[in-house]
Amino acid sequence: MSDTAVRQREERRVLAGTLVGTSIEWYDFFIYAQAAGAVFATLYFAPAGETVGQIVAWASLGISFLFRPLGAVVAGHLGDRIGRKRMLVLTLIMMGLATALIGVLPTYAQIGVAAPVLLVLLRVLQGFSAGGEWGGAALMSVEHAPKGKRGLFGAYPQIGVPVGMILATATMWVITTAMTEEQFLAWGWRIPFLFSIVLIAVGYLIRRAVEESPIFKELQQRKGESAAPLKTLFSKHAKEVILAALIFIANNAAGYLLIAFFSAYATRPEADGGLGLARPPVLLATTLASFGWLIFTLFGGIISDRLGRVRTFQIGYVLLGIWAIPMWFLIDTGNIVMYFLALFLMTVGLGLSYGPQAALYAEMFPADIRYSGVSIGYAIGAIFGGAFAPLIADLVFSATGQSWTIGLYILGVTIISLIAVSLVKEPKGVALNTRSNEVMGVVQ
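Described in the following lines is the structure provided in the data block. These numbers were taken from a predicted model, which means no experiment stands behind them.

The rules behind these values
- Residues numbered from 1 in each chain as written.
- Predicted model: local features only at pLDDT ≥ 70, side-chain atom pairs only at ≥ 80, totals over all residues.
- Heavy atoms only, no water.
- Phe/Tyr/Trp six-rings, centres within 6.5 Å; stacked < 30°, edge-to-face > 60°.
- Helix = DSSP H or I, 4+ residues; strand = E, 2+ residues; numbered from the N terminus.
- Patch = residues over 30% accessible without salt bridge, like charges linked within 9 Å, V, L, I, M, F, W, Y side chains within 5 Å.
- Areas by Shrake-Rupley, 256 points an atom, 1.4 Å probe, with all protein chains shown as cover.
- Salt bridge = Lys/Arg side-chain N within 4 Å of Asp/Glu carboxyl O.
- Buried < 20%, exposed > 50% of the residue type's maximum accessible area, 1.4 Å probe, protein only.
- Expected span 1.5 Å × (residues − 1).
- Arc of directions from axis to C-beta.
- Axes fitted to C-alpha atoms, helices over the stretch in contact; angles between N-to-C directions.
- Parallel < 35°, antiparallel > 145°, perpendicular 65-115°, else oblique.
- Contact = heavy atoms within 4.5 Å.
- Nonpolar A, V, L, I, M, F, W, Y, C, P; charged D, E, K, R; others polar.

What to know about the packing of aromatic side chains
All chains considered together, the criterion is met by 18 aromatic pairs. Pairing Tyr-27 with Phe-195 gives two aromatic rings, centres 6.3 Å apart and planes at 85°, and the pair type is edge-to-face. Taken together, the positions of Tyr-27 in helix H1 (residues 3–38) and Phe-195 in helix H10 (residues 190–208) put the pair 168 residues apart, joining distant regions of the chain. Seen in terms of ring centroids, Tyr-265 and Phe-397 are 5.4 Å apart; in terms of plane orientation they differ by 80°. Their pairing is edge-to-face.

Thoughts on a nonpolar patch on the surface
A contiguous nonpolar patch, built from Tyr-108, Ile-111, Val-113, Val-117, Leu-118 and Leu-121 and spanning about 510 Å² of accessible area, is present on the exposed surface. Those elements that provide at least two residues to the nonpolar patch are helix H6 (108–111) and helix H7 (114–144). Here the element with the most residues in the nonpolar patch is H7; it accounts for 3 residues. One can find Tyr-108 in helix H6. By relative accessible area, Tyr-108 is classed as partly exposed at 31%.

A short note on the pattern of salt bridges
Taken as a whole and assessed by the stated rule, the structure comprises 6 salt bridges. With its nearest N and O atoms 3.1 Å apart, the salt bridge here joins Asp-394 to Arg-268. Of this pair, Asp-394 sits in helix H20 (residues 389–400) while Arg-268 sits in the loop between helix H13 (238–267) and helix H14 (279–307); the two residues are 126 residues apart in sequence, bridging distant segments of the chain. Grouping residues by exposure puts Asp-394 and Arg-268 together as buried. A salt bridge links Arg-309 to Asp-305; the shortest N-O distance between them is 2.9 Å.

Structural notes on helix H15 (residues 309–323)
Taking 1.5 Å of rise per residue, the 15 residues of H15 would be expected to cover 21 Å, and the 22 Å separating its terminal C-alpha atoms lies within 8% of that figure. Of the positions making up H15, those classed as buried are Arg-309, Val-310, Thr-312, Phe-313, Gly-316, Tyr-317, Leu-320, Gly-321 and Trp-323. Buried residues along H15 cover an arc of 165° about the axis, so they all sit on one side.

As for the packing of H7 against helix H18 (residues 357–364)
Remark: H7 packs on H18, axes separated minimally by 9 Å, with the N-to-C direction vectors making an angle of 85°. Classed by the angle they form, the pair H7 and H18 counts as roughly perpendicular. Within the contact between the two elements, H7 uses Trp-134, Ala-138, Leu-139 and Val-142 and H18 uses Gln-357, Ala-358, Ala-359, Tyr-361 and Ala-362. Class assignment of the residues belonging to the contact of H7 with H18 gives a composition of 8 nonpolar, 1 polar and no charged.

Some remarks on the environment of Phe-195
Overall, the relative accessible area of 35% leaves Phe-195 in the partly exposed class. As for Phe-195 and Gly-103, which are separated by 92 residues in sequence, their C-alpha atoms are 8.9 Å apart.

If you want it as structure tokens, here you go:
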């Protein structure tokens, strides 16, 4: 077999490993978000009352984000020291274990206050794992990519997020369609969490077959020349970390409305301020709209190889900002087709501002601190973006009684992210094998 054929086979393995593994990781993460909007308020936070219980359930979703930077620090440091591949396998196992344990966790009615406490602890473990997952997957794909295809390769871990969303929402749709609401509340909601065991086994086998990043192999050969990753990162690249975080907040906030809030709002009884739609068609419409997120994320990665990362981000955020308010008027018609259309159109801007992210972040940081830089920037952005977006949306709606005012919140964070990405000098084509003590120049 020729060298070219061997390289292409390894590239296919890397793309499959990052896509499948990331999809499974985010399936685990998102299935909690679906359950937080559907059952956790009733089963684990019942003493707080229905309305407050839902707010607490959203808060439990957000708490895990506070631990993502810790996961990013630990995984980033170890990933820059012992390799991207090992950390990808470890984070996959940790996420799967936490998800499966939620599937067998007793409810408040069975063990009292210990139930919500244990639920939150398992959610924290999910957050810790997710903090290290994305950076490793992003780097494995981008660092294996030919120079002119980094956007395309980097889009594969990105589309793992909408794929995970599709898996999570479709699984919930199948289960809620196949059983009564009473059966779903009693035991059916546990099935998606337990199904994670099968997915984790598949992801583990695929990720084990992937070769270590060639950039990391090169660093290992000269490991004595580099300083401690975290010390170098915060002393020399704090600005890049801050910009990376700010760039992500709008995409992550809008993404978590798609992941969790929209379906909860649509299925909430009209007496409680919702639309009163049946859960199965809402979940089906959300699943179908998520295919738009997948398509436009992949497209965003591809066109960033031509237009540049910054320009593609800018286009995505302009489109997201324009649609932030009008979409609510379609949603509030209570028509399931209009609901689908509103979400699908939002995914255009969402995908274009997500597809180039892996390539942009990888090109913003030198090789010896890259895992730490991209992971910590991503995790901090997630705290200020998606961590409490469903909760903020609920609070805004409760205060104003008008759903379109949630669009003002999304528009505000979109402007922040648009300004942040516009402050980045276009990095497309930068040499990825440079270290923190070398000059990173853009290849013309």
